[in-house]
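Chain and residue survey
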Amino acid sequence: MKVYNNIKDYRSLKESFLTIGTFDGVHIGHQAIIKKLVKSAHSSNSNAVVLTFFPHPRSVIQDKKSLSLIDSMKEKEKLLQQLNVDVLIIHPFTLDFSNLSAKKFTQDILVNTLKVSKLFIGYDHRFGKNRTASVSDLISYGKTFGFNVEVIPAQDIDAISVSSTKIRNAISSGDIKTVSEYLGRNFVLEGVVIHDQGLGSKLGFPTANIKVTAEYKILPKKGVYWVSMKWMGEKYFGMLNYGIRPTVSSKKTTIEVHFFNFNKNIYNETIKISFHTKIRDEKKFNSLESLKSQLLLDKKLCHELENNK
């Protein structure tokens, strides 16, 4: 898959079969569109092209600087590559770009620059300045400028009303089961292993403390989770705590993972953590011994989940 960071950088002699969107999470609804795009493009010897934007349009238009995203751009790239997309264009989203009229966007971007032959779009897609243009407008422009539009109906995209917003809400509430169902995969966090106070080792639960790589990445509800990672081709399960460690009166928010049967030195390494289940909320204990007793129970539950998966 070729990746371009600006629409203007894209050059191809082939016609483009194209879809457009932010595709945050690349959830099962997004996948329905992209799989149709790829299948149709490859059967016509055309490029399957995904046009997406960064930063997220809502963070620019609505000035929502705190908008957190399900995937980092690096993660999104990998997911789209796995779906056999040929070309990914990540165009900078600015206020000037948002002010393009629907007709100018269609003529200058879709037709003249991307050479669109067929456009795949969800039934509820809106575009152009203030998102005033609809799918019917796109179909009309297609007739004018000579490209086809395939509208993906509601029943193919969101039979269970899946949306990126619902997934973000589920992550924020710790509903990992729903997140996994909507994404069609595990929610992941990627980060660098950093040094910390070493409290976990003193309790007999050495932890890898994680600094998340993408600052805009959404984080789950504070609590304890059953998680896993792949390291050197092997899968290791563990339990992750995200919170402020109230038992030791800490005010610093940390992400720390205790991996079972794992004793490698991974400081400064980047690891990817997959979330499986939320075990419990974060809680303040009366003593470190009480905390240790609870950690033993958490570990036992994680092993039971692993054995029953």
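Scroll up a little and you will see the structure.
Presented here is an overview of the structure given in this document. (Residues numbered from 1 in each chain as written. Predicted model: local features only at pLDDT ≥ 70, side-chain atom pairs only at ≥ 80, totals over all residues. Heavy atoms only, no water.)

Thoughts on the sheet that holds strand β1 (residues 2-4)
Within the open sheet, the 6 strands sit side by side as β1-β4-β3-β2-β5-β6. Their pairing is parallel. Both outer strands of the open sheet, β1 and β6 (148-152), are each paired with one neighbouring strand and no more. For this sheet, the mean angle separating the axes of adjacent strands, direction not counted, is 20 degrees. Where strand β5 (residues 116-122) lies against β6, 5 bridges are found, and the strand directions are parallel. Looking across to β6, one finds that Lys-118 is bridged to Asn-148. (Pairing = 2+ DSSP bridges. Helix = DSSP H or I, 4+ residues; strand = E, 2+ residues; numbered from the N terminus. Axes fitted to C-alpha atoms, helices over the stretch in contact; angles between N-to-C directions.)

A short note on the pairing of strand β9 (residues 223-231)
Of all the 9 residues making up β9, 8 are buried; the element is thus mostly covered by neighbouring parts of the structure. For β9 and strand β10 (residues 234-243), the ladder comprises 9 bridges, and the chain directions are antiparallel. By the bridge assignment for β10, Tyr-225 is matched with Leu-240. Once β9 ends, the chain turns through 2 residues before running back antiparallel as β10, passing Met-232 with a positive phi of about 55 degrees. Pairing of β9 with strand β12 (residues 270-281) involves 7 bridges; the strand directions are antiparallel. The partner of Gly-223 across the bridge, within β12, is Asp-281. (Buried < 20%, exposed > 50% of the residue type's maximum accessible area, 1.4 Å probe, protein only.)

Here we look at helix α5 (residues 102-113)
Structural remark: α-helix, 3.6 residues per turn; residues separated by three or four positions point the same way. Residues Ala-102, Phe-105, Thr-106, Ile-109, Leu-110 and Val-111 constitute the buried set of α5. Across the axial projection of α5, the buried residues extend over an arc of 160 degrees, all falling on one side. Tucked into the core, α5 has its buried residues touching β2 (16-20), β3 (47-54), α4 (95-98), β5 and α6 (135-145). Just downstream of α5, Lys-115 is the residue with a positive phi angle, here 55 degrees. (Arc of directions from axis to C-beta. Contact = heavy atoms within 4.5 Å.)

These figures come from the coordinates and say nothing about function on their own.
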